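The residues making up each chain are set out below.
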Amino acid sequence: MALADPPSASIPDSASLGRSDPWTATDAAALYGLDRWGDPYFSVGARGHVMVQPRGDRGGSLDLVELVRELQGRDLSLPLLIRFDDILEDRLERLHGAFERAITQYGYDGRYQGVFPVKCNQQRHVVEQLVESGRRWHFGLEAGSKAELLIALSLLDDPDALLICNGYKDRRYIETAILARRLGRQPVVVIEQADEVERIIAASSALGGAPFIGIRAKLSARSTGRWGSSVGERAKFGLSIPDVLSTVERLREAGLLDDLRLLHFHVGSQINDIAVLKDALQEAGQIYAELTRLGAPMGFLDVGGGLGIDYDGSRTATAASTNYSLQNYANDVVATIRECCEPHGIRPPTLVSESGRALASHFSVLVFDVLGAGGHGEAVPPAAEGEALILRNLRDTHAAIAAIAAERTVDGQDAGERGVVERLQEAWNDALKFKEDALNAFRLGYLSLPERATAERLTWASCQAIARQLEGLAADTVIPQELQALPAALAGTYYANLSVFRSAPDTWAIDQLFPVLPIHRLDERPTRLGSFADLTCDSDGKIARFIDRGQVKPLLELHGLRPGEPYWIGLFLGGAYQEVMGNLHNLFGSTNAVHIRLAAGGAYRVEHVVRGNTNAEVLEAMEHDPDLLLERLRLASEQAIGRGDLAISDARRLMAHLRASLEQTTYLEA
Ligand SMILES: *Cc1c(COP(=O)(O)O)cnc(C)c1O
């Protein structure tokens, strides 16, 4: 077949594209899965716009399209990261609510006290918001490096909140934690490597005081999926059981066993299958009981991160989903630990979780614009005088397809769908044959380049015409594989004003799926299939994997672009990890970002504006001096003026463009 091979993965079932029954916002919500992964924060409004309910089901709603328009009015250009602080707060509330319910339900004689792993999103306003909103639960922070420790120490001023210190630790890190205890903070230094205990002992004796101490255990329970290797014998972090025992003995010898308060484990991010968590909890519960028996006061069991997000709304144990809810998770943690403690007569520990992804994914929405779309048109090129036979054949084929269409409109559905499919298949075979003939003729020198172009256009026009016919068929019509593949072959590339490497790096690095969909025109049937190509000069700079209820599809249902009208796409659930993992590939910098708060009466407040990197900033990040770069170009222009190659007015224009670019973000202007 002369057309590009259609992608091998599933193409959307014909129910989603085409079909003659009317299309409503409800259809769009179902097609893009918004009614599943979006609940309760995102939905489709009657005008076909994505609506945001920042406070979940507690009322209040914003029209995302209106919001973007008004933000643009404030000179905040796309791509734009919109952070809904109310959603962050709602997630925090849901997490605590789930644990509170589980604690009541299982009669657990202990508390839940969470921390936010700062590595998930270190942005100042995000961490500040979490600390502020979490105050009523003494919600704490988790740090994995010295810089994160600095953030946590300085922002967390609640003496009852936990400050979990993970990651590799040198002497200075440990001493900082010990001294911070004197500031009234509650740092827990978690021993992740066997040799850290000696540094803790040395620092404690030097400073005459110890930090609270935790131990991270390497569990044998294995997670599945991408982060499965975070546990198990060969995991990067954590102490093996023999190391746990020798660490306890060393702490006892050094008189520090009384400071051993916490057991920590982490089975990896995005746990897809709840069974994995249960195994880990049972194992950790037993280790906790043993540590108590060995004489450590303990008191805290930290179940780490891993609470997953249902990115595709399928509720399955597949990579982009989870087979459990937040409540299931809390129930399992509480019930399993209770079961471990009861027979030993041990006081149930305060339960700590380090849920990052589960808290921070929903609150930020990336909106980008489409700059244009490639693909194949359906226009039929005008016939030339004395056209070659091959071209006339193609033209006749296209006319035959048009005739099938015309008959169907006259006869209604009476012609019989089977007959129609057969005739379309026949026409398509003809088109392919004639296209092949045209290519051969071109190779042999019988067809000119413009004639070959006409042949290709006619073939694509036939392809479009057939695809359109298929759309109108009854839902139960059997369509041959070859014809089913036509919409995918016609798929267009939508050019996106963003850098995937900057704004959604995990789509590239680890094939992560995020829900992506147009944020408007959702009351209009999508008639095209497409994928996105970004601004970078890198063929990996694309979004070509989309959620599909537990599966992945290579093409997304989209709308045809309308001249002079923007087409805005939202990437959802990307609030965790994407910003900091994003890089400067091709020197595309951070995008503009805003923090939005719902206000009374359906209004909103723009709480913070975080301007995206300017070109000058990204140049400086690579050690270039923007002034020096400009000066060199000024000298080059002077020389060109001297040679008579450049008019003074053009030189001025050139310098003005360069200066303006330095002040602007790295993305294209609308
Ligand atoms: C990354 C990490 C987390 C956060 O994991 P999520 O899956 O985002 O909840 C928690 N604890 C540790 C030790 C981590 O390394």
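Residues numbered from 1 in each chain as written. Predicted model: local features only at pLDDT ≥ 70, side-chain atom pairs only at ≥ 80, totals over all residues. Heavy atoms only, no water.

Asker: Whenever I open this one, the sheet that holds strand 2 (residues 50-52) confuses me. Can you help?
Answerer: Each strand in a sheet pairs with another by means of backbone hydrogen bonds, the pair being arranged parallel or else antiparallel. Pairing in this open sheet of three strands is antiparallel, and the strands run 1-2-3 from one edge to the other. Edge positions in the open sheet fall to strand 1 (42-44) and strand 3 (62-63), since each of these has one partner strand only. The pairing of strand 2 with strand 3 spans two bridges and is classified as antiparallel. Its bridge partner being in strand 3, Met 51 is matched across the sheet by Asp 63. (Pairing = 2+ DSSP bridges. Helix = DSSP H or I, 4+ residues; strand = E, 2+ residues; numbered from the N terminus.)

Asker: Can you walk me through the packing of helix 22 (residues 626-643) against helix 23 (residues 648-663) in this structure?
Answerer: Two measures define how a pair of helices packs: the angle their axes make with one another and the distance between the axes. In contact at an axis separation of 10 Å, helix 22 and helix 23 are set at 170 degrees when each is read in the N-to-C sense. Classed by the angle they form, the pair helix 22 and helix 23 counts as roughly antiparallel. Residues Pro 626, Leu 630, Leu 633, Arg 634, Ser 637 and Ile 641 of helix 22 pack against Ile 648, Ala 651, Leu 654, Met 655, Leu 658, Arg 659 and Leu 662 of helix 23. Looking at side-chain class alone, the contact of helix 22 with helix 23 contains ten nonpolar, one polar and two charged residues. (Axes fitted to C-alpha atoms, helices over the stretch in contact; angles between N-to-C directions. Parallel < 35°, antiparallel > 145°, perpendicular 65-115°, else oblique. Contact = heavy atoms within 4.5 Å. Nonpolar A, V, L, I, M, F, W, Y, C, P; charged D, E, K, R; others polar.)

Asker: Just to check I follow, could you spell out the site of the ligand for this structure?
Answerer: Taken together, 16 residues surround the ligand, and among them Lys 119, Ser 269, Glu 354, Gly 356 and Tyr 577 come closest. Taking Glu 354, its side chain carries an N or O atom lying 2.5 Å from a nitrogen atom of the ligand. Gly 356 places a main-chain nitrogen or oxygen 2.8 Å from an oxygen atom of the ligand. Here the ligand, which alone exposes 380 Å², has 91% of that area covered by the protein. The residue makeup of the shell around the ligand, split by class, is two nonpolar, nine polar and five charged. (Near = heavy atom within 4 Å. Polar contact = N/O pair within 3.5 Å; in protein donor to acceptor, adjacent residues only side chain to side chain. Areas by Shrake-Rupley, 256 points an atom, 1.4 Å probe, with all protein chains shown as cover.)

Asker: Could you clarify how one ought to interpret the nonpolar core in this entry?
Answerer: For soluble globular proteins, nonpolar side chains are generally found buried alongside one another. The biggest cluster of nonpolar side chains holds 148 residues, and the ones touching the most others in it are Leu 64, Ile 82, Phe 84, Phe 532 and Phe 572. The biggest single contributor to this core is helix 10 (residues 274-293), with ten residues. In this structure, Val 421, Ala 431, Cys 463 and Leu 470 belong to the second largest nonpolar core, which totals 20 residues. (Core = buried A, V, L, I, M, F, W, Y, C linked by side-chain atoms within 4.5 Å. Buried < 20%, exposed > 50% of the residue type's maximum accessible area, 1.4 Å probe, protein only.)

Asker: Is there a simple way to think about the pattern of salt bridges in this case?
Answerer: It is possible for side chains of opposite charge to pair when their charged atoms get near one another. Counted by the stated rule, this structure contains 38 salt bridges. In this structure, Asp 63 and Arg 47 form a salt bridge, with 3.5 Å as the shortest nitrogen-oxygen distance. Residue Asp 63 is located in strand 3, and its partner Arg 47 is located in the loop between strand 1 and strand 2; the two are separated by 16 residues in the primary sequence. With relative accessibility at 53%, the residue Arg 47 sits in the exposed group. (Salt bridge = Lys/Arg side-chain N within 4 Å of Asp/Glu carboxyl O.)

Asker: What's the story with the state of the cysteines in this structure? I'm lost.
Answerer: Two cysteines whose sulfur atoms are joined by a covalent bond form what is called a disulfide. For the structure shown, the criterion picks out zero disulfides. There is no disulfide at Cys 120, and the cysteine sulfur nearest it, in Cys 165, is 18 Å away. On the accessibility criterion, Cys 120 (1% relative accessible area) is buried. (Disulfide = S-S within 2.5 Å.)

Asker: Looking at this structure, how should I read empty space enclosed by the protein?
Answerer: Empty space among the atoms becomes apparent when a probe as large as a water molecule is rolled across them. Inspection of the entire model under this criterion finds three cavities of 30 Å³ or more. Considered as a void within the structure, the largest cavity measures approximately 50 Å³ in volume. Contributing to the lining of the largest cavity are Leu 31, Tyr 32, Trp 37, Pro 515, Val 516, Leu 517, Ile 547, Lys 553 and Leu 556. Of the residues assigned to the lining of the largest cavity, the class counts are eight nonpolar, no polar and one charged. (1 Å grid on protein atoms, 1.4 Å probe; cavity = no way out; pocket = protein on both sides within 12 Å on 5 of 7 lines; lining within 4 Å. Points joined across faces, edges and corners; volume = space filled by probe spheres on them.)

Asker: It is not clear to me how the pairing of strand 10 (residues 260-264) should be interpreted in this structure. Could you clarify?
Answerer: Taken residue by residue, a regular strand's side chains alternate between the two faces of the sheet. Among the five residues of strand 10, four are classified as buried, and the element is accordingly described as predominantly covered. Across four bridges, strand 9 (residues 212-216) lies against strand 10 in parallel orientation. Following the sheet pairing, Gly 214 is matched in strand 10 by Leu 262. Pairing analysis gives three bridges linking strand 10 to strand 11 (residues 300-302), with the strands arranged parallel.

Asker: Is there a simple way to explain a negative patch on the surface in this structure?
Answerer: Where like charges cluster on the molecular surface, the negative patch consists of Glu 617, Glu 620, Asp 625 and Asp 627. With respect to the helices, strands and loops of the structure, Asp 625 is situated in the loop between helix 21 (615-621) and helix 22. With a relative accessible area of 38%, Asp 625 lands in the partly exposed category. (Patch = residues over 30% accessible without salt bridge, like charges linked within 9 Å, V, L, I, M, F, W, Y side chains within 5 Å. Lys, Arg positive; Asp, Glu negative; His and termini not counted. Charge placed at Lys NZ, Arg CZ, Asp CG, Glu CD.)

Asker: Which parts of the structure should I look at to understand a nonpolar patch on the surface?
Answerer: A cluster of nonpolar side chains, Leu 371, Tyr 495 and Leu 668, forms an exposed patch at the surface whose accessible area comes to about 270 Å². Structurally, Leu 371 can be placed in strand 13 (residues 364-373). Among the residues examined, Leu 371 registers a relative accessible area of 40% and is labelled partly exposed.

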